[in-house]
Amino acid sequence: MIRRKFIRLYEGAPLYAVLDEGRLVIAHAGIRHDYIGRMDKKVKTFVLYGDITGETNPDGTPVRRDWAKRYRGDAWVVYGHTPVEKPRFVGQTVNIDTGCVFGGALTALRYPEMETVSVPSSMPHVPEKFRTFS
């Protein structure tokens, strides 16, 4: 019964959320500015997995482009999916996935203040799970 409820909840959930009259977008792994407002398969793949290349890293994870560096939209995009040691602000984007499950922290964004609040994880720290950007 709980499994069915979860599946219904998951399948009925929006792909991403557009809030504050379009000034804020929440998307699991991010979203390109030209995808906002669309719900097709290409957008779904991007929102769920990020800007993947189709290649894999030696550890088997997909190679992802740093889409945030190229984001040029007016809306703030809040996302995660790629654990980082501290919240990462790039242009009008912020990655709040600070790797709670990997011993980092659970992070939230206070909007419209654009401040982050983090609570340390009680899990053991696994440094190799965190991505660094150049």
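Because the structure is predicted, anything quoted here is derived from the model rather than measured. In this numbering scheme, every chain counts its residues from 1 along its sequence in written order. The model is predicted, so local features are restricted to residues of pLDDT at least 70 and side-chain atom pairs to those at 80 or more, both for listing and for counting; the totals for chains, interfaces and linings are taken over all residues. Hydrogen atoms and water are omitted, and side-chain values are computed over all heavy atoms in the structure.

Novice: Tell me about the pairing of strand β3 (residues 52-56), and please be specific about residues and values.
Specialist: Classification of residues uses two cut-offs on accessible area relative to the type maximum, computed with a 1.4 Å probe and protein chains only: under 20% is buried, over 50% is exposed, and between them is partly exposed. Each helix is a run of H or I in the DSSP string that is no shorter than four residues. Each strand is a run of E no shorter than two, and both are numbered from the N terminus. Within β3, only zero of the five residues are buried, which leaves the element largely exposed. Paired strands, as defined in this entry, are two strands with at least two bridges between them according to DSSP. Of the strand pairs in this sheet, β3 and strand β4 (residues 62-64) are connected by two bridges, and their pairing is antiparallel. Note that in β4 the partner of T56 across the bridge is P62.

Novice: I'd love a proper account of the packing of aromatic side chains, names of residues and values included.
Specialist: Stacked, tilted and edge-to-face are the three classes assigned to paired rings of Phe, Tyr and Trp, where Trp is represented by its six-membered ring and a pair needs centres within 6.5 Å; plane angles under 30 degrees give stacked, over 60 edge-to-face, the rest tilted. Taken as a whole and assessed by the stated rule, the structure comprises six aromatic pairs. Measuring from ring centre to ring centre gives 6.0 Å for W67 and Y71, while their planes differ by 90°; the resulting arrangement is edge-to-face. With respect to burial, W67 and Y71 carry one shared label: buried. By the ring-pair criterion, three or more aromatic residues cluster together here, those being Y35, F46, W67, Y71 and Y79. Above the ring of F133, the side-chain terminus of R88 is found at 3.6 Å from the ring centroid. Only Lys NZ and Arg CZ are tested; either one counts as a charge over a ring when it is within 6 Å of the ring centre and within 35 degrees of the ring normal.

Novice: Give me the environment of F6: which residues, what numbers.
Specialist: Along the chain, F6 turns up in helix α1 (residues 2-12). Sequence separation of F6 and P120 is 114 residues, and the distance between their C-alpha atoms is 27 Å.

Novice: Account for unusual backbone geometry, naming residues and giving values.
Specialist: With an omega of 15°, the peptide bond between Y111 and P112 qualifies as cis. Its place among the elements puts P112 in the loop between β8 (105-110) and β9 (115-120). The phi dihedral of D20 is positive, around 50°, even though this residue is not glycine. Position of D20 among the secondary structure elements: in the loop between β1 (17-19) and β2 (24-26). The partly exposed category is assigned to D20, whose relative accessible area is 34%. Not every positive phi belongs to a glycine, and E21 is a case in point at roughly 55°.

Purely geometric numbers; function is a separate question.
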